[in-house]
Each structure stands twice: as structure tokens, then as C-alpha cells.
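# Observations on chain architecture
Here are the chains, one letter per residue:
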There are 2 protein chains.
Amino acid sequence: MEEQLDADAEVVAGPDLPSARVPLSEERIVEAALSFIDGHGLAGLTMRRLGQRLGVEAMSLYRYVPGREAMLDLVVQSMIDQLQEDAEVLRRPENGWQDFVQRLAHGVRRVALMHPRAFPLVASRPPEAPWLRPPLRNLDWVETFLAGLHQEGFDDVTCAGAYRAFTSFLLGHLLLEVANHGADVGPLDVLEDDGDPSRDGLERYPTVLRLREPLSQDHAAVEFEESLEELLERMALMLSETSSG
Amino acid sequence: MEEQLDADAEVVAGPDLPSARVPLSEERIVEAALSFIDGHGLAGLTMRRLGQRLGVEAMSLYRYVPGREAMLDLVVQSMIDQLQEDAEVLRRPENGWQDFVQRLAHGVRRVALMHPRAFPLVASRPPEAPWLRPPLRNLDWVETFLAGLHQEGFDDVTCAGAYRAFTSFLLGHLLLEVANHGADVGPLDVLEDDGDPSRDGLERYPTVLRLREPLSQDHAAVEFEESLEELLERMALMLSETSSG
DNA sequence: ACCTGAACACCGTTCAAGT
DNA sequence: ACCTGAACACCGTTCAAGT
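Residues numbered from 1 in each chain as written. Chains lettered and ligands numbered in written order. Predicted model: local features only at pLDDT ≥ 70, side-chain atom pairs only at ≥ 80, totals over all residues. Heavy atoms only, no water.

## Regarding the packing of aromatic side chains
Residue and element names in this part refer to chain A. In the structure shown here, the tally under the stated rule is eight aromatic pairs over all chains. Between Phe145 and Tyr163, the aromatic rings sit 6.2 Å apart at their centres with planes inclined by 55°, giving tilted as the arrangement. In this pair, Phe145 sits in helix H6 (residues 139–151) while Tyr163 sits in helix H7 (residues 156–180), placing the two residues 18 residues apart along the sequence. Look at Phe145 and you get buried, because its relative accessible area is 0%. When its relative accessible area of 0% is taken as the criterion, Tyr163 is described as buried. Ring-pair connections join several aromatic residues into one group, and the members of that group are Phe145, Tyr163 and Phe166. When the ring centre of Phe224 is taken as origin, the NZ or CZ atom of Arg109, which lies over that ring, is 5.2 Å away. (Phe/Tyr/Trp six-rings, centres within 6.5 Å; stacked < 30°, edge-to-face > 60°. Helix = DSSP H or I, 4+ residues; strand = E, 2+ residues; numbered from the N terminus. Buried < 20%, exposed > 50% of the residue type's maximum accessible area, 1.4 Å probe, protein only. Lys NZ or Arg CZ within 6 Å of the ring centre and 35° of its normal.)

Pasting the structure below:
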């Protein structure tokens, strides 16, 4: 839960000026939009409310941003750029490609977990090109990924296959992981417990009922690691077939 | 592409009555909503437009459906129920659990490919419980899946792990596959080619540029099969550890 | 240069009223 | 019983006008 998200409009200061005089900018808008989604979900994000949050009328936003839809794309970009500022993530392979792929995977996961309610945007906005598959929607990453593998001996076709395997691994895992952390919800309502957790309508589903507890456990972290290991093994196999074929 | 989706309102007859007199019903509404999404994408789906499509004012819909959001949940349900009508899919294991899991996986994939623009809904609506992870949001499926594996010797914890692995495999693959088939797009606009495909701004990304072609190829089908095979192998490993541990 | 008021076309949703 | 007109509160977006 966050506070500071009420109706007061004023920007939280931090080391900023007394606010109120910081001029609007694309960056500030996008930042505010992301933090709004983090706090309230995408459904509640409105140009008018966002303006209010920035101490400004909605129409002012259109000086800096071409429209709501485009703004959401910028939000996606800004999440993605956080990875780039994370210097460790985007260095080329130094201790082998496995280490390299691991760094990238964990970097993306870190972003997803920092913004569980916004991450589905990264996943669901339509990809602009086949070489920008979600959630790797950034040419710098993709270039680094492909060039890194190539430098380590993967041929072109294998690089492409590894790229596809990597993206679908990330997408499946991270989307489900953030969904469990209470992602997208429709309007503004958080899902309410019905009070009595025993009357769940599971009478007709004895196995589900019995497995309730193991199914409810959050193994996301270890499963991410394990699946990543498997992916790496699969890639190693691809690589060895490359060299010998 | 579909036709029949213009502005004329009238329902296509099929073996129906002369239409115009078929009364509204939840079923007809949900069906129309799904076919609208299939044809125009989610963004364009409006209660008013949907009413128009059914030859009725928007307000009439609220007699049969509690609201737009709830209607979308019904749309998800209806897609999911198509799998249930597909008798082959939900039979319990007969030729071993591998065959069983394969049937289920292919069934879900068939639904996804039938409704590429609607499938992301199945994936992105918030799950109601940990035992309803997208895209397997149906207690009958989940029960069948879990009971099937249990009957084949998987213990409870392993069943739960297999369930999680299965869902994240399906989600990652199918979401990316339908995205490639032109999924969600923002408003109504289909993405337009910029005319000149050589000037793509890829100058700074030599590897991406070089791999354009292998990256553009659609290997979704074979990759689905291969990843599914790997998943089955992984599950087989889980099973053997179960028996011997 | 930067923001706003007023307006437009469109939403989802409600409810009393029509047939 | 089933549908609609009219209305409400809210959207995104535009543009001439304010400071």
C-alpha cells in the first residue's frame, strides 16, 4: 500500500523545489502515470485524475504527451529504461553466456516485481516488430542479448530460437507472478474476501479442494530459478548441436 | 477478416428466426461481444455499439448482464467453455498422463488461435484464486488436470508444481503467439506499415538487423510442440523423484 | 511560454416511463 | 415482459482564449 496518493494534487517533495513551480514535462507526467498505476491500477488512470495529481488541468498534459494511449507506451518505455540504468544488467557476457542470460532475466524480473500492476502493460501492448517480443521491448536489450549469444558461438538461427524461448519463459513466469501479487483488477475495487473461506464452492472439485494449500503457496521465486536453469540447459543443448552440426 | 460486422445491426440469420424477434439473452449478448472483439478488438467494444449490433439500445443490455466488466468475464468464460464442448479434451487420462496433458494443451491452444484478439483477456483478467491461474481459469479443467495426474501417481505437491509449470508454459507461449497474429492494439487502428521496410532505424543494432529474417519467421507451432515435450520430460522427472523419494 | 475554460463527441449506468 | 428516453457523472481531446 502507498499513501500520498489521495486527492491533494501536490507532488511529494523529496529533494525537489517547493513543488507547485516545477514546470510540467513529459518525464514528470510519465513518472506520475507510472506511480499512479503502481498505486491504483491501470483502470483508474484518467487524464483528468492524472492532471489533478500534478496540480494541473487535464488539457495541459497534451502539450507534452500526444494522448493517453501514447502516454501508456511511454510508461512502458520508462519501466524498461529502468533496466538500462541498472548497469550490471546490460554488460556483455564476461563469465559465459549463462551468467549473462541470468543477469538479464533477473533484471527483468526485478522490474516486474517493482511494478506488479504496471507490468502487464509491458506484456500486453502489441509488439511493434518480431524482434521486440514482450517483455523484451527494447532494441538495446535485444541487441545485447543476440550479440552476446552470437559472440559466444551461437549461430543466427539458434540465436533467434533462444530469443523466442527466453521471451516466452519470461512472459509466462512474470505475468503469473505479478498476477498473484494482485495485478490488474477491473475498475478500482480490490477483490474482497467473502468472509467464510471454507464455503468456496469447491465441493464438486475434491482434488482442487485437497490441493488448496500446496496450490496457494508462492513458489514463484524458486520456480523462476529452476525454469531459468532448464532454459539454460536447453540453450546449452542448442549450442552443442550448433557446433557439431 | 469477417464481414457482417458493419453498422446494420441485424443478426445474421443462420437457421434462426427472421431475427429482429429473437429476444435478447445473456448468451446472445456474450456471443456478440466475443465476435465483436474477434473482429474489432477489445478497445472498440462499447455497450452502445454492442447494443447497436444486436438491434437494441445499450440500456437493454443491463437487463441480462450486470455491466461491462462483468460481461467481459462472461466472454472469458464462454471462450473457456468452448473447450468443454470439445469432448476429446477433457477426458481423463487413458493413454498415460503425457497424452492427457498434450490433449489439454492443444485444446487451450486451439481456443487461443480461434480468438487471438480475445485471448489476452483470458490471460490478463485477475485470477480469482491460486487454483485458477490463467489461462486455465476453469475449475473443471483444473480438477481434471490435477485428478488426472494424481491418478497417474503424482503426489499432491508435485501435482501443484506441475500445474504451475503447465500454466506458465501455456501463458507465455500462447500470449506471444496470438500477439504475433495481431492481438490487442490500442484503439481501433491496425498497425500500418511505414512503406519502406529497409529504413527501420536498426542501424545502431547490427545483430538485430542481421537476424531480422530468422526473428521474423513464425515458428510458434513447432516451438509449442518442443516446449511441451520438454515440459513433459520435466514432469516425468518430477514423477520419478516422487516414486523414489 | 505555459496553462485553462468551454465545448464536443463519446462513454457506462440508472430509472422512470413507455408498449 | 421487454425495451427505451432522458438524464447523470464521467471520459479523451481540441482550440481559442487567458496570463
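Picking up where we left off.
## Re the protein's contact with DNA strand C
Around DNA strand C lies a shell of 16 residues, among which Glu57(A), Arg63(A), Tyr64(A), Arg48(B) and Arg68(B) are the nearest. Counting only the atoms of DNA strand C within 4 Å of the protein, the fraction contributed by sugar and phosphate is 53%. For DNA strand C, a phosphate oxygen lies 3.3 Å from a polar atom in the side chain of Arg49(B). Arg68(B) places a main-chain nitrogen or oxygen 2.8 Å from a phosphate oxygen of DNA strand C. (Near = heavy atom within 4 Å. Polar contact = N/O pair within 3.5 Å; in protein donor to acceptor, adjacent residues only side chain to side chain.)

## A word on the nonpolar core
In this structure, Phe166(A) and Phe166(B) are the most contacted members of the largest nonpolar core, which totals 144 residues. Beyond its immediate chain neighbours, meaning those up to four positions away, Phe166(B) contacts Val101(B), Leu104(B), Ala105(B), Leu136(B), Phe145(B) and Leu231(B). (Core = buried A, V, L, I, M, F, W, Y, C linked by side-chain atoms within 4.5 Å. Contact = heavy atoms within 4.5 Å.)

## Quick look at the interface of chain B and chain A
In this complex, chain B contributes 54 residues to the contact, which on the side of chain A involves 54 residues. If you look at where chain B meets chain A, you find eight salt bridges. Where chain B packs against chain A, one counts 15 residue pairs in polar contact (both at pLDDT 80 or more). Among the elements that make up the side of chain B that touches chain A, the one with the highest residue count is helix H7 (residues 156–180) of chain B (15 residues). Taken together, the residues of the side of chain B that touches chain A sort by class into 26 nonpolar, 14 polar and 14 charged. (Salt bridge = Lys/Arg side-chain N within 4 Å of Asp/Glu carboxyl O. Nonpolar A, V, L, I, M, F, W, Y, C, P; charged D, E, K, R; others polar.)

## Section: the packing of helix H1 (residues 26–40) of chain A against helix H3 (residues 68–85) of chain A
Residues and elements named next belong to chain A. Packing of H1 against H3 brings their axes to within 9 Å, and their N-to-C directions diverge by 85°. Considering the angle they form, H1 stands roughly perpendicular to H3. Between H1, through Glu26, Ile29, Val30, Ala33, Leu34 and Ile37, and H3, the contact on the second element is made entirely by Met71, Leu72, Leu74, Val75, Ser78, Met79 and Gln82. (Axes fitted to C-alpha atoms, helices over the stretch in contact; angles between N-to-C directions. Parallel < 35°, antiparallel > 145°, perpendicular 65-115°, else oblique.)

## As for the UniProt feature "DNA-binding region" (unreviewed entry) in chain A
The UniProt record annotates "DNA-binding region" (unreviewed entry) at residues 46–65 of chain A. Helix makes up 35% of residues 46–65 of chain A and strand 0%. Its end C-alpha atoms lie 14 Å apart. (UniProt positions renumbered as here; feature names shortened; annotations may be inferred.)

## Details of the protein's contact with DNA strand D
What surrounds DNA strand D is a group of 16 residues, the closest being Arg48(A), Tyr62(A), Glu57(B), Arg63(B) and Tyr64(B). When atoms of DNA strand D within 4 Å of the protein are sorted by moiety, sugar and phosphate together comprise 53%. Arg48(A) is positioned with one of its side-chain polar atoms (N or O) 2.3 Å from a base nitrogen of DNA strand D. Take Tyr64(B): an N or O atom from its side chain is 2.8 Å from a phosphate oxygen of DNA strand D.

## Details of empty space enclosed by the protein
Empty space among the atoms can be located by rolling a probe the size of a water molecule over them. All told, the structure shown has four cavities of 30 Å³ or more when counted by the stated rule. Size it by volume and the largest cavity reaches roughly 130 Å³. At the level of secondary structure, the elements contributing two or more residues to the lining of the largest cavity comprise H7 and helix H9 (220–244) of chain A together with H7 of chain B. In terms of residue count, H7(A) provides more of the lining of the largest cavity than any other element does, four residues in total. (1 Å grid on protein atoms, 1.4 Å probe; cavity = no way out; pocket = protein on both sides within 12 Å on 5 of 7 lines; lining within 4 Å. Points joined across faces, edges and corners; volume = space filled by probe spheres on them.)

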